[in-house]
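Structural characterization, general
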Amino acid sequence: MTSQLEKALDYSLEIIGRNMRELDYFPERLENGAWLTVQKDRMPSHWVDGFWTGQLWLAYAHTRDEKFETAARRWTGELSHLKETTLTHDLGFIFYLSNVLGYRITEDDELLADALHAAETFTRRYNPRGEYMQAWGRIDGPPFERGRINVDLMMNMPFFYWATKQSGDRNYALIASRHSRTSRHTLVRPDGSVSQCADFDPESGAFLRQSTHQGLSHDSTWSRGLAWGLYGFAEAYRWTGDLVFLHTARRIAEYAIANAPADKVPFWDYNSLDIPNTYRDTSAAAVIATGLLELADGETDDTLAQRWREEAGEIALSLWQTYSTRDTDIPAILVQGSRSVPHDLKNHPLVYGDYYFVETLIRLLRPDLTETIFGDR
Ligand code: GLY
């Protein structure tokens, strides 16, 4: 398996190098052989920007080739203007995979200021009555916008934990832990399946119902949402040592494994009535793989840790053997991602699928780097 995964990583570096030469703005998804780039003036589109800087930083960490560092710094610098926006719930994704990752790899203090500024801005999406971070919409928007969370937000909580570690200000970690507990109560079901969203009364903070935006239905499990939850709770455990988060991540992992198709790459929603004649989501598979490795790194049970690692390796191998672009001219790494099937966006490469595939490969092949980049909690 290792030699196959090494080939996958070498191939991924070639694709990153090619995109580095050809891209003129942040990539989002690929259609008809070319990357569609982010709409500059549409703020929520920018949630994907860190997945490109993240690929460049990981390429640099692995190769120590200066061309990747130069590019990573340039593209990271382009994100500076986002540090003041309250219009996205994904400042964590953006700044963690650019400035924080870059700082961990280079130890360059100059990367810190924008990240800490963004963390301060990000606190403005916190609702203390419901103890949650608001998903989507304006912070002064209508009640349905101010009263909604999604499981995607769990992936932004490490940014807050990091900000507390870096600055000493405990407020960030407090918000992250409160939001994580609220997410656990309202999004994760007893069988380990996960709702994408939950709605609240933003004035009283009362939980109202589960709902979805990209899944099949309010009571289904959108596969990338499950993946965000698995990785997010595994990280919350490693940052806090709170066993509740470990048990939550384990429960989600068990669901993902029990409900995976034979080749380990989930369909876009675990409850789709059209399985197996519907779309896969390779980005969900890649996030599940790296989430399982994060879970394994924090595991207190050696047998389970071994199980999570084996499963992650098998997912990575399946992605490489069946869902990669090798032997094509497509400038992405993975095919068959699904941005959002209900919005008719499916069956395409996605920049986050590529990022998390590379992250998975680094974690599997470079334990030394994994400790530097992902181990410092
Ligand atoms: N966070 C948005 C998505 O996963 O599509």
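Notes on the structure follow.

What counts and what doesn't
- Residues numbered from 1 in each chain as written.
- Predicted model: local features only at pLDDT ≥ 70, side-chain atom pairs only at ≥ 80, totals over all residues.
- Heavy atoms only, no water.
- Phe/Tyr/Trp six-rings, centres within 6.5 Å; stacked < 30°, edge-to-face > 60°.
- Helix = DSSP H or I, 4+ residues; strand = E, 2+ residues; numbered from the N terminus.
- Buried < 20%, exposed > 50% of the residue type's maximum accessible area, 1.4 Å probe, protein only.
- Near = heavy atom within 4 Å.
- Polar contact = N/O pair within 3.5 Å; in protein donor to acceptor, adjacent residues only side chain to side chain.
- Areas by Shrake-Rupley, 256 points an atom, 1.4 Å probe, with all protein chains shown as cover.
- 1 Å grid on protein atoms, 1.4 Å probe; cavity = no way out; pocket = protein on both sides within 12 Å on 5 of 7 lines; lining within 4 Å.
- Sits in = over half its atoms within 2 Å of the grid points.
- Axes fitted to C-alpha atoms, helices over the stretch in contact; angles between N-to-C directions.
- Parallel < 35°, antiparallel > 145°, perpendicular 65-115°, else oblique.
- Left-handed = near helix turned anticlockwise from the far one by under 90°.
- Contact = heavy atoms within 4.5 Å.
- Nonpolar A, V, L, I, M, F, W, Y, C, P; charged D, E, K, R; others polar.
- Expected span 1.5 Å × (residues − 1).
- Core = buried A, V, L, I, M, F, W, Y, C linked by side-chain atoms within 4.5 Å.
- Salt bridge = Lys/Arg side-chain N within 4 Å of Asp/Glu carboxyl O.
- Points joined across faces, edges and corners; volume = space filled by probe spheres on them.

The next point concerns the packing of aromatic side chains. Enumeration according to the criterion identifies 24 aromatic pairs in this entry. Consider the rings of Trp 52 and Trp 75, whose centres lie 6.0 Å apart with planes at 85 degrees: the pair is edge-to-face. Linking Trp 52 in helix α2 (residues 49-63) with Trp 75 in helix α3 (residues 66-77), this pair joins segments that are 23 residues apart in sequence. Each member of the pair, Trp 52 as well as Trp 75, carries the same accessibility label: buried. Where Phe 233 meets Phe 245, the ring centres are 6.1 Å apart and the plane angle is 40 degrees; that geometry is what we call tilted.

This part covers the site of the ligand. The immediate surroundings of the ligand are formed by Trp 47, Asp 152, Gln 214, Trp 222, Arg 224, Trp 228 and Arg 339. At 2.7 Å, a side-chain N or O of Asp 152 approaches a nitrogen atom of the ligand. Contacts to the ligand include Arg 339, whose side-chain N or O atom sits 2.9 Å from an oxygen atom. Isolated, the ligand exposes 200 Å² of accessible area, and the fraction of that covered by the protein chains is 95%. When atom positions are compared with the pocket grids, the ligand is found to occupy the largest pocket.

It is worth spelling out the packing of helix α1 (residues 2-22) against helix α13 (residues 351-365) at this point. Axis separation between α1 and α13 bottoms out at 10 Å; the angle between their running directions is 135 degrees. Of the possible angle classes, the one that applies to α1 and α13 is oblique. Seen from above, α1 lies across α13 with left-handed handedness. Residue-level contacts link Thr 2, Leu 5, Glu 6, Ala 8, Leu 9, Ser 12 and Ile 16 of α1 to Phe 357, Val 358, Leu 361, Ile 362, Leu 364 and Leu 365 of α13. Classifying every residue of the contact of α1 with α13 gives 10 nonpolar, 2 polar and 1 charged.

Compared with an ideal rise of 1.5 Å per residue, which puts 17 residues at 24 Å, helix α11 (residues 282-298) spans 25 Å between its outermost C-alpha atoms and is within 8% of the ideal. With 16 of its 17 residues buried, α11 lies for the most part within the structure.

Right, let's talk about the nonpolar core for a bit. Among the nonpolar cores identified, the biggest contains 132 residues, and Phe 51, Phe 159, Tyr 356 and Phe 357 are the most heavily contacted of them. When sequence neighbours within four positions are dropped, the list of residues in contact with Phe 159 reads Leu 91, Gly 92, Phe 95, Tyr 96, Val 100, Ala 115, Ala 118, Ala 119 and Phe 122.

Overall, the coordinates contain 28 salt bridges when judged by the stated rule. For the salt bridge of Arg 18 with Glu 22, the shortest nitrogen-to-oxygen distance reads 3.5 Å. With Arg 18 and Glu 22 both in helix α1, this residue pair falls 4 residues apart, about one helical turn. Glu 22 sits in the exposed class, given a relative accessible area of 52%. A salt bridge links Arg 181 to Asp 242; the nearest nitrogen and oxygen atoms lie 3.9 Å apart. Remark: Asp 242 occurs in the loop between α9 (223-240) and α10 (243-258) and Arg 181 occurs in helix α8 (residues 171-187); sequence separation between them is 61 residues. Because the salt bridges share partners, they merge into one network encompassing Arg 238, Glu 294, Asp 297, Arg 309, Glu 359 and Arg 363.

Another point: empty space enclosed by the protein. Under the criterion given, the structure shown has 2 cavities of 30 Å³ or more. Computed from the structure, the largest cavity encloses a volume of approximately 120 Å³. When contributions to the lining of the largest cavity are tallied by element, the ones reaching two or more residues are α4 (91-106), α9 and α13. With 4 residues, α4 is the single largest residue contributor to the lining of the largest cavity. Looking at the lining of the largest cavity, its residues break down into 10 nonpolar, no polar and 3 charged. Surrounding the second largest cavity, Ala 256, Ile 257, Ala 260, Lys 264, Pro 266, Tyr 270, Ile 288, Glu 311 and Ile 315 form its lining. Residue assignment for the lining of the second largest cavity shows that the elements contributing at least two residues are α10 and α12 (302-323). Here the lining of the second largest cavity is built from residues that sort into 7 nonpolar, no polar and 2 charged.

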